[in-house]
Amino acid sequence: MLSLSSALALLAAGLCAAHTGKVNKHKPWIETSYHGVITENTDVVLLDPPLVALDKDAPVPYAGEICAFQIHGLDAPFEAVVLNGTSGEGQLRARGLVDCELQKEYTFIIQAHDCGASPGDVDGKKSHKAVVHIQVNDVNEFAPVFRESQYHAAVTEAKIYDSILQVEATDQDCSPQYSQICNYQITATNTPFAIDRNGNIRNTEKLSYDQQQQYQIQVTAWDCGQKRALHSVPVHIDVMPVCKPGWQGWNKRVDYEPGTGSKQLFPKMHLETCGGPLSSVRTTVELQTSHIGKGCDRETYSEKSLQKLCGASSGSTDLLPAPSASTNWTASLVTDSGRDSDLIFRFDGRQAAKIPDWVVPQNLTDQFTVATWMKHGPSPGLRAEKETLLCNSDKTEMNRHHYSLYVHNCRLVFLLRRDFTQVDTFRPAEFHWKLEQICDKEWHYYVINVEFPVVTLYVDGVTYDPYLVTDDWPIHPTQIDVQLTVGACWQGGEVTKPRFTQYFRGSLSGLTIRPGKIESQKVISCLQACKEGLDINSLESLDKSIKFHFNPAQSILVMEGEDLESINAAVRKVSYINSRQFPTPGIRRLHISTAVQCFGEDTCLTIPDIDAVVMVLQPSEPRITITGVERVTWPTSDLGAPGGGVALFQDLHIISTVTRADPSTHHAVRRPGILEEIIHNLDYCDILVLGEELRPEQESLQLQRSNLQGKHLDATNSTSGMSIYGVDSMSNYEQVIRQVRYSHWRPVRLGERKFRLTCSELNGRYTSNEFNLEVSALHSSEGGEHVNHVVAPPEYMQVVRHPSSLIHTLYPGHSSGVPSAATVVIVMCIAALVVVVVLGIYRIHLTHQQEAKMADASKEDEEDEEADPGWDEEALTITVNPMENLEEPRTTEEEEETSEEDEDDEDEDEEEDDITSAESDDSEEDVDVQLPAVQHSSKKGGIWDKTSSY
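Just so it is clear, the structure is predicted and the values come from calculations on it, not from any experiment. (Residues numbered from 1 in each chain as written. Predicted model: local features only at pLDDT ≥ 70, side-chain atom pairs only at ≥ 80, totals over all residues. Heavy atoms only, no water.)

Enquirer: Help me understand the overall build of the protein in this model?
Expert: Along the backbone of the protein there are 15 helices and 58 strands. Considering only residue pairs separated by 6 or more positions, the protein has 72% of its internal contacts joining residues 24 or more positions apart. (Helix = DSSP H or I, 4+ residues; strand = E, 2+ residues; numbered from the N terminus. Contact = heavy atoms within 4.5 Å.)

Given below as structure tokens:
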């Protein structure tokens, strides 16, 4: 049973619930959309219509009252507040300062909330959602600012311009009223210029170059809110004399410092067209280098070194090597080697050379390559004759041409008549090319690749197929010898007297034949590549509308465009580059020609050509210095070690220095330059034997072939010395030269040997100092004498102890005085020594009497050693190059003394040989590698030849 209080509570709750459901019946009502305006830097929004919320439950308390406005959109910087809950009035305010320059308009959603049925009621009703658009009004807070800090223009005298140039200012305000520039004004008075509201400056009177060549005026600006620019802008106007079309702003001479990479030729040049409307501009820049070497600055290393650098196949035969004792067939030809060591042969129609039979390639198969540099002009006379570069013809009886390369009427013809095989049919025999390069009096690189029956010609790396191929019968084989010639063709038969015919007129260089293989285009391009040419700086920044083209040698650049400013910018990027470390100094001529085309016309302006020069300055000449121990003494056991010998240049160092100008000193003050070490390549090092040449039966220089692996080096060996050649780094040359060993199989006969080492860069253009090395043998009986005056490695220094030291060693307890027994022993030893000396003198006397017998025995020993198959020279394939004998032959007295020493040291020599063979560390398989050499014909008048190894 419920109590009274509980019943009353239940009744009150029921009445309250019934009253709530009946009182808050309606939702608040607001407009569906609002449009507001707020001025930047303020917080009150003016809404249209005003923000008012109505509720039909009014005037019921709470249910008919408005408690809040809710904004949907967290990024909106606004809030809505209730000004009067009974009337429903509200206000929209900014939570912070709004900036028109950041955002001009805002859009968000707003809702009204009533107060519910009672205080604290959270279930009040919400109105529908209304859209609010707010626009931010601008305030003129920014002043105009000019886009440029200053302006430049040029006008031609005596001419009125509608617009010289246009200045432009901007305003950061957001509204059109305050952001637009409504007026420009020239601040100075009494100037012959005026400006309109768009910023165009014009001259109000004709200007005179003689009266004033430059004007400077100040211009200011106002926005449409009449706010003035804080800073005026200076405008510079240059008055130019009457316009003449042409290039302006270029220097006639451009100095190029070697090693500086790419240098702009015309950094300030521009084309003046005198205001004419243009449709296109075509400019040609030509670098003229025909007077430099073989047409441009190329590497001047030897042909073999260049082929190795470019990765060419080995086995080529150089038909035009430098004249020497072993390559004497070119001695009668006229050479022109005055241009940076380039070896060039000039033929005037009267010289030719026969190639010796031992040089001629004998194994020409279906694949081979003929390559040469050629400079040739049109043949004189109305009826041009054949001009033969290379010819292989019958030596006698007949006059058949087996293969030849010749020029006829500015056509290059290659003749290849094969021997008769199994089928007697017509076969391709003559291949003709007609090219402008053949007679343009310029250097070009010609390569003929033969893959019979296909023959391909490369000229400066570009491929050309023959325009005509003529068939002929094969040649029937005979026993007639053939003769290979250069510069003409040998006519040995069908004439009264054999003679040369079809002489060549022009210049040749680097004529080679490579049998069995053809060269790749990559190698061909490398062999003829120029090291200098035109270039474009920052090619990626070049305007896309500009069309440009280089010729293969990059000596001609053609640029074409429709926009004048783009052409000017492109020409300013044209550069000269020379990648040689030591380029050929001198002048390179530049020629620029320009064609301008106007709308509807072929040519509207004539632009004068430009001639300028690039002056390649003299490079800092390197000083190549060779240092090391200059006098060494070796034990006879090391010199006579089988297959070993001694390393001559263990302490060798090669460095190169140049003297740079001190940039801190003034030109008028001459001070010593700064010595700087540089790194560059060498191309050969010669080890020359001074005095009497090496005796092959007793001594030799040796270098293991394995020491050359992985390097661009090769070597030749002879009795006159050794030559190491090839383009490689100084460090690689150091490593190889340190491995050169000297052996003497009869070191007891060795007095002193002298060697001279010299190195070169760029085929002799820069040479090192002459480093002399003196080698002597350390005999056991003369150790004390040698130690006193010869610089020897510490391990070979003999220690000679004083007798007092010996006493201290035997009797460490005695500091002074000698025991009587020891004294007696010493006296007896001295007496025995005197007896031995007397007997030795007597033996020498007997030796003089048997002089003739010993000489005969010595000759027999030498003959036995020469017959030893272990030193068979034919098996080594050694060809000796003659070198000048710099030492007079030994006298008879000296030979007699040598024979006496041989007799005294014979027993000692046998003991040392046993020890040396046991102590040798070199394996027989590695040291038995001999290097090729050149034929030995005489000991005098020889010239070192590094190109004859094969």
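The discussion continues.
Enquirer: I would appreciate a short explanation of the sheet that holds strand β14 (residues 200-203) in the present structure.
Expert: Adjacent strands of a sheet form backbone hydrogen bonds with each other and so pair up, either parallel or antiparallel. Pairing within the open sheet is antiparallel, and its three strands lie in the order β10-β14-β13. Both outer strands of the open sheet, β10 (165-166) and β13 (193-195), are each paired with one neighbouring strand and no more. Pairing of β10 with β14 involves two bridges; the strand directions are antiparallel. Opposite L165, over in β14, you have I201 as the bridge partner. (Pairing = 2+ DSSP bridges.)

Enquirer: Any chance you could explain a negative patch on the surface here in plain terms?
Expert: On the surface, D543, E562, D563 and E565 cluster together into a patch of negative charge. Looking at the secondary structure, you find D543 in the loop between β39 (532-536) and β40 (547-550). Here D543 falls in the partly exposed class, since its relative accessible area comes to 36%. (Patch = residues over 30% accessible without salt bridge, like charges linked within 9 Å, V, L, I, M, F, W, Y side chains within 5 Å. Areas by Shrake-Rupley, 256 points an atom, 1.4 Å probe, with all protein chains shown as cover. Salt bridge = Lys/Arg side-chain N within 4 Å of Asp/Glu carboxyl O. Lys, Arg positive; Asp, Glu negative; His and termini not counted. Charge placed at Lys NZ, Arg CZ, Asp CG, Glu CD. Buried < 20%, exposed > 50% of the residue type's maximum accessible area, 1.4 Å probe, protein only.)

Enquirer: Explanation requested: the nonpolar core in the structure shown.
Expert: Core analysis: the biggest nonpolar cluster contains 56 residues, and F649, I654, L701, I724, I737, Y742 and L757 have the highest contact counts within it. When neighbours within four sequence positions are excluded, F649 is seen to be in contact with I687, I737, R738, L757, F771 and L773. (Core = buried A, V, L, I, M, F, W, Y, C linked by side-chain atoms within 4.5 Å.)

Enquirer: Looking at this model, I keep getting lost on the packing of aromatic side chains. Mind explaining?
Expert: The geometry of two aromatic rings is summed up by the distance between their centres and the angle between their planes. All told, the structure shown has 14 aromatic pairs when counted by the stated rule. Relative to Y106, the ring of F78 lies with its centre 5.3 Å away and its plane at 80°, an arrangement referred to as edge-to-face. Linking F78 in strand β4 (residues 78-84) with Y106 in strand β6 (residues 105-114), this pair joins segments that are 28 residues apart in sequence. We classify F78 as buried; its relative accessible area is 2%. The class for Y106 is buried, based on a relative accessible area of 11%. (Phe/Tyr/Trp six-rings, centres within 6.5 Å; stacked < 30°, edge-to-face > 60°.)

Enquirer: Is there a simple way to explain the environment of Y403 in this structure?
Expert: Here Y403 is to be found in strand β28 (residues 401-408). Its relative accessible area of 6% is what places Y403 among the buried residues. A sequence separation of 27 residues divides Y403 from E430, and the C-alpha atoms of the two residues are 9.4 Å apart. If near-sequence neighbours (up to four positions away) are discounted, Y403 is found in contact with L364, L390, C391, N392, L415, L416, L484 and I513.

Enquirer: Help me out: how do you make sense of the environment of Y445 in this one?
Expert: In this structure, Y445 sits in strand β31 (residues 443-451). Counting along the chain gives 74 residues from Y445 to A371, while the straight-line C-alpha distance between them is 7.5 Å.

Enquirer: Sorry, what's going on with the state of the cysteines here?
Expert: What is meant by a disulfide is a covalent connection between two cysteines, made through their sulfur atoms. Enumeration according to the criterion identifies eight disulfides in this entry. Disulfide pairing places C67 opposite C115 at an S-S distance of 1.7 Å. The sign of the S-S torsion, about 110°, decides the handedness of the disulfide formed by C67 and C115: right-handed. Residue C67 is located in strand β3 (residues 66-72), and its partner C115 is located in the loop between β6 and β7 (130-137); the two are separated by 48 residues in the primary sequence. In this model, C310 is linked to C526 through a disulfide, with the two sulfur atoms separated by 2.1 Å. Handedness here is read from the sign of the S-S torsion; for C310 and C526, about -70°, the answer is left-handed. Remark: C526 occurs in helix α4 (residues 521-528) and C310 occurs in the loop between α3 (303-309) and β22 (317-318); sequence separation between them is 216 residues. With a relative accessible area of 14%, C310 lands in the buried category. Taking relative accessible area as the criterion, C526 reaches 36% and is therefore assigned partly exposed. (Disulfide = S-S within 2.5 Å.)

Enquirer: Can you help me understand the sheet that holds strand β48 (residues 646-647) in this one?
Expert: Judged by pairing direction, the sheet is antiparallel, and its three strands sit side by side in the order β48-β55-β52 without closing on themselves. Edge positions in the sheet fall to β48 and β52 (699-702), since each has one partner strand and no second. Strand direction decides the pairing type here: β52 and strand β55 (residues 741-744), joined by four bridges, are antiparallel. Each residue of the ladder has a partner; that of Q702, found in β55, is R741.

Enquirer: Which parts of the structure should I look at to understand α4?
Expert: Think of an α-helix as 3.6 residues a turn; residues three or four steps apart then line up on the same face. All buried positions along α4 are accounted for by V523, I524, L527 and Q528. Buried residues in α4, looked at end-on, bunch into an arc of 120°, giving them a common side. Where α4 is buried, its residues meet α3, β26 (367-375), β31 and β32 (454-459). (Arc of directions from axis to C-beta.)

Enquirer: Sorry, what's going on with the pairing of strand β21 (residues 280-288) here?
Expert: Each regular strand shows side chains that alternate between the opposite faces of the sheet. Note: β21 against strand β43 (residues 586-597), nine bridges, orientation antiparallel. Opposite V285, over in β43, you have I592 as the bridge partner.

Enquirer: Which parts of the structure should I look at to understand the side chain of D683?
Expert: Relative to the helices and strands, D683 is located in strand β51 (residues 681-690). Aside from chain neighbours lying at most four places away, what touches D683 is Y301, Y725, G726, V727, Y733, S760, E761, L762, N763 and G764.

Enquirer: How should a nonpolar patch on the surface be read in this particular structure?
Expert: Taken together, the side chains of V37, V44 and L46 present a nonpolar region at the surface, about 240 Å² in accessible area. Structurally, V37 can be placed in strand β1 (residues 33-39). Here V37 falls in the partly exposed class, since its relative accessible area comes to 31%.

Enquirer: How should helix α5 (residues 564-572) be read in this particular structure?
Expert: Buried within α5 we find L564, S566, I567, N568, A570 and V571. Looking at the buried side of α5, the elements it contacts are β17 (246-248), β20 (270-272), β21, β41 (556-561) and β42 (574-578). A side-chain oxygen of the first residue of α5 lies 3.4 Å from the backbone nitrogen of E565; this N-cap is D563. (Polar contact = N/O pair within 3.5 Å; in protein donor to acceptor, adjacent residues only side chain to side chain.)

Enquirer: Is there a simple way to think about the pattern of salt bridges in this case?
Expert: Pairs can form between side chains of opposite charge once their charged atoms are near each other. Applying the stated rule across the entire model yields 18 salt bridges. For R282, the salt bridge identified is with E560, shortest N-O distance 3.2 Å. With R282 in strand β21 and E560 in strand β41, the pair connects residues that are 278 residues apart, well separated along the chain. Classification of R282 as partly exposed rests on a relative accessible area of 40%. For R580, the salt bridge goes to D297, with nearest N and O atoms at 2.7 Å. Note that R580 is positioned in the loop between β42 and β43 and D297 in the loop between β21 and α3, a separation of 283 residues in sequence. D297 carries the same exposure label as R580, and that label is buried. Overlapping salt bridges, with partners in common, bring together D297, E299, E532, R580 and R588 in one network.

Enquirer: What's the story with unusual backbone geometry in this structure? I'm lost.
Expert: It is generally the case that most residues other than glycine have a negative phi and that most peptide bonds are trans. Of the consecutive residues D48 and P49, the connecting peptide bond is found in the cis state with omega at -5°. By the secondary structure assignment, P49 is in the loop between β2 (46-48) and β3. Residue P453 is bonded to the preceding F452 through a cis peptide linkage, with omega at 10°. The topology assignment puts P453 in the loop between β31 and β32. In this structure, N190 takes a positive phi of about 60° despite not being glycine.

Enquirer: Would you mind going over the side chain of H113 with me for this structure?
Expert: Here H113 is to be found in strand β6. For H113, a relative accessible area of 15% gives the class buried. A polar atom in the side chain of H113 sits 3.0 Å from the side chain of Q70.

Enquirer: Would you explain the environment of R588 in this entry?
Expert: Tracing the sequence through the fold places R588 in strand β43. Between the alpha carbons of R588 and M615 there is a distance of 6.4 Å; along the sequence they are 27 residues apart.

Enquirer: Help me understand the confidence of the model for the protein, please; the structure alone is not making it clear to me.
Expert: In regions of low pLDDT, the predicted coordinates are not meant to be interpreted in detail. Chain-level pLDDT for the protein is 78 on average; 77% of the residues reach the 70-or-more range. Here helix α9 (residues 803-810) stands out as the element of the protein with the lowest mean pLDDT, 33, in contrast to strand β45 (residues 610-616), whose mean of 95 is the highest. Below a pLDDT of 50 lies the segment residues 1-21, which in the model reaches two contacts outside its immediate sequence neighbourhood of four places, other chains included. (pLDDT = per-residue confidence, 0-100.)

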